[in-house]
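What follows is each chain in one-letter form.
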Amino acid sequence: MEKRVAVMAIILDDRSKAEELNALLHEYSDYIIGRMGLPYKERGISIVSVALDAPQDTISALAGKIGSISGVSVKTAFSSLD
């Protein structure tokens, strides 16, 4: 299956969901190029970006699982490169 490069922007409105998010990211760690997390204490949220190189179905599945966590939002941008 053809792999794609993508980046996910994740916002945790409920920082108590970080453990659940980290468990999912660990499950998909073979596809993760890198990640960066920024706690925004003034607003009580966390902002996470994740760079991936994976089949599009895998990226979409991960985004769906992340999006199903209450208090967590996710958006994905794909590279135009195949």
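Use the structure listed above.
Below is a summary of the structure that appears in this document.

With respect to the side chain of T58
Examined against the element boundaries, T58 turns out to sit in helix α2 (residues 56-67). By relative accessible area, which is 17% here, T58 ends up buried. If we skip the residues at most four places from it in the chain, T58 touches Y28 and Y31.

A word on the packing of helix α1 (residues 18-27) against α2
Two elements in contact, α1 and α2, have axes separated by 10 Å at closest approach and are oriented at 170°. In this view, α1 runs roughly antiparallel relative to α2, as classed from their interaxial angle. For the crossing formed where α1 meets α2, the hand is right-handed. Contacts from L21, L24, L25 and E27 in α1 reach L62, K65 and I66 in α2. Within the contact of α1 with α2, the residues separate by chemical class into five nonpolar, no polar and two charged.

Observations concerning the nonpolar core
Counting 19 residues, the largest nonpolar core has M8, I10, L21, V50, L62 and I66 as its most contacted members. When contributions to this core are tallied by element, the ones reaching two or more residues are β1 (3-12), α1, β3 (45-55), α2 and β4 (72-78). Each residue touching L21, except ones within four places of it in the same chain, is listed here: I10, L12, V48, I66 and I69.

With respect to the sheet that holds strand β2 (residues 32-40)
Spatial strand order, β2-β3-β1-β4: four strands in an open sheet with antiparallel pairing. Each having just a single partner strand, β2 and β4 make up the two edges of the open sheet. Going across the sheet, the axis of each strand differs from the next one's by a mean of 15°, ignoring polarity. Inspection of the sheet shows β1 paired to β4 by seven bridges, in the antiparallel sense. Looking across to β4, one finds that A6 is bridged to F78. Each of β1, β3 and β4 is contacted by α2, which is oriented at about 160° to β4, the strand it contacts most.

Calculation criteria
- Residues numbered from 1 in each chain as written.
- Predicted model: local features only at pLDDT ≥ 70, side-chain atom pairs only at ≥ 80, totals over all residues.
- Heavy atoms only, no water.
- Helix = DSSP H or I, 4+ residues; strand = E, 2+ residues; numbered from the N terminus.
- Buried < 20%, exposed > 50% of the residue type's maximum accessible area, 1.4 Å probe, protein only.
- Contact = heavy atoms within 4.5 Å.
- Axes fitted to C-alpha atoms, helices over the stretch in contact; angles between N-to-C directions.
- Parallel < 35°, antiparallel > 145°, perpendicular 65-115°, else oblique.
- Left-handed = near helix turned anticlockwise from the far one by under 90°.
- Nonpolar A, V, L, I, M, F, W, Y, C, P; charged D, E, K, R; others polar.
- Core = buried A, V, L, I, M, F, W, Y, C linked by side-chain atoms within 4.5 Å.
- Pairing = 2+ DSSP bridges.

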